[in-house]
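# Structural description and commentary
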Amino acid sequence: MVATDGHRLAHVERSGEKFEGVSGEMKTLIPKKAMDELKSLLDSDIETIDFAKDESTLFFRVGPRLLTSRQLTGQFPKLRSGIARKDISKSIALHGEELGSAIARVAQFADERSRACACAWRRVSLKISASSTETGESEDSIEIAYDGDRWRLDSMPSI
């Protein structure tokens, strides 16, 4: 899955997962307001979303609720030009909850306009930091285990 807000580009890929009834690639542009509403619907105990679309409308079934949204038109940014090349051998695996908690703590000090947090990888830790002229600065670190060209998830501290 790839997402952008016009300034930042994010890419998540999970190997081995298949979606029933989906073959090939599906490209659609979803408005930010629809994504925000989906997030609020998913904050409950709902685990799955059913998705469908026609020429101009997107449909999301979240539990008993149906969210509809217009489909945006236009070109999505080229993925490969905005994300690191596949030939880079360095990678890191982190516990999502631990990373999310660290970002939430640090983001309280992020600039209100950009909401940017910076990440810096060290040999044994990932440092997350944010600062603004109004609120000051904050920094948090997550321990990581590095093994050659890969950081290993199995040797990371448990949360």
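Bear in mind that the values here come from a model prediction, so they are computed numbers and not experimental data.

### A short note on the overall build of the protein chain
- From N to C terminus, the protein chain includes three helices and 10 strands.
- Each of the 159 residues in the protein chain was classed as buried or not, and the buried ones make up 18%.
- If you take every contact in the protein chain between residues at least 6 apart in sequence, the share linking residues at least 24 apart comes to 43%.
- For the protein chain, the exposed area adds up to about 12500 Å²; of that, 50% sits on carbon and sulfur atoms.

### Quick word on the confidence of the model for the protein chain
- Mean pLDDT over the protein chain works out to 76, with 70% of the residues at or above the 70 mark.
- Predicted confidence for residues 150–159 stays below pLDDT 50, and this span has 29 contacts to residues more than four positions away or in other chains.

### Notes on the nonpolar core
- Counting residues in hydrophobic clusters, the biggest one holds seven residues: Ala102, Val106, Ala110, Leu126, Ile128, Ala130 and Ile142.
- At the level of secondary structure, the elements contributing two or more residues to this core comprise helix 3 (96–107) and strand 7 (125–132).
- Per element, the largest residue contribution to this core is three residues, and it comes from strand 7.
- Residues within four places of valine 106 in sequence aside, it is in contact with Cys117, Ile128, Ser129, Ala130, Ser138, Glu139 and Asp140.
- The next biggest cluster of nonpolar side chains, apart from the first, holds six residues, and it includes Leu41, Leu58, Phe60 and Val62.

### Brief notes about helix 1 (residues 32–42)
- Within helix 1, the full set of buried residues consists of Ala34, Leu38 and Leu41. Angular distribution of buried residues about the axis of helix 1 spans 60°; they occupy a single face of the element. In this structure, helix 1 carries Lys32, Lys33 and Lys39 as exposed residues pointing more than 90 degrees from its buried face.
- Along its buried surface, helix 1 packs onto strand 4 (57–62) and strand 5 (65–70).

### Some points on the sheet that holds strand 3 (residues 50–53)
- In spatial order, the strands read 3-4-5; together these three strands make up an open sheet with antiparallel pairing. The two strands at the open ends of the sheet, each matched to only one other strand, are strand 3 and strand 5. Strand after strand, the sheet turns through a mean of 15° between neighbouring axes, direction not considered.
- Bridge count for strand 3 against strand 4 is four bridges, and the pairing is antiparallel. What sits directly across from alanine 52, in strand 4, is phenylalanine 59.
- Contacting strand 4 and strand 5, helix 1 crosses the sheet at an angle of about 165° to strand 5.

Calculation criteria
- Residues numbered from 1 in each chain as written.
- Predicted model: local features only at pLDDT ≥ 70, side-chain atom pairs only at ≥ 80, totals over all residues.
- Heavy atoms only, no water.
- Helix = DSSP H or I, 4+ residues; strand = E, 2+ residues; numbered from the N terminus.
- Buried < 20%, exposed > 50% of the residue type's maximum accessible area, 1.4 Å probe, protein only.
- Contact = heavy atoms within 4.5 Å.
- Areas by Shrake-Rupley, 256 points an atom, 1.4 Å probe, with all protein chains shown as cover.
- pLDDT = per-residue confidence, 0-100.
- Core = buried A, V, L, I, M, F, W, Y, C linked by side-chain atoms within 4.5 Å.
- Arc of directions from axis to C-beta.
- Pairing = 2+ DSSP bridges.
- Axes fitted to C-alpha atoms, helices over the stretch in contact; angles between N-to-C directions.

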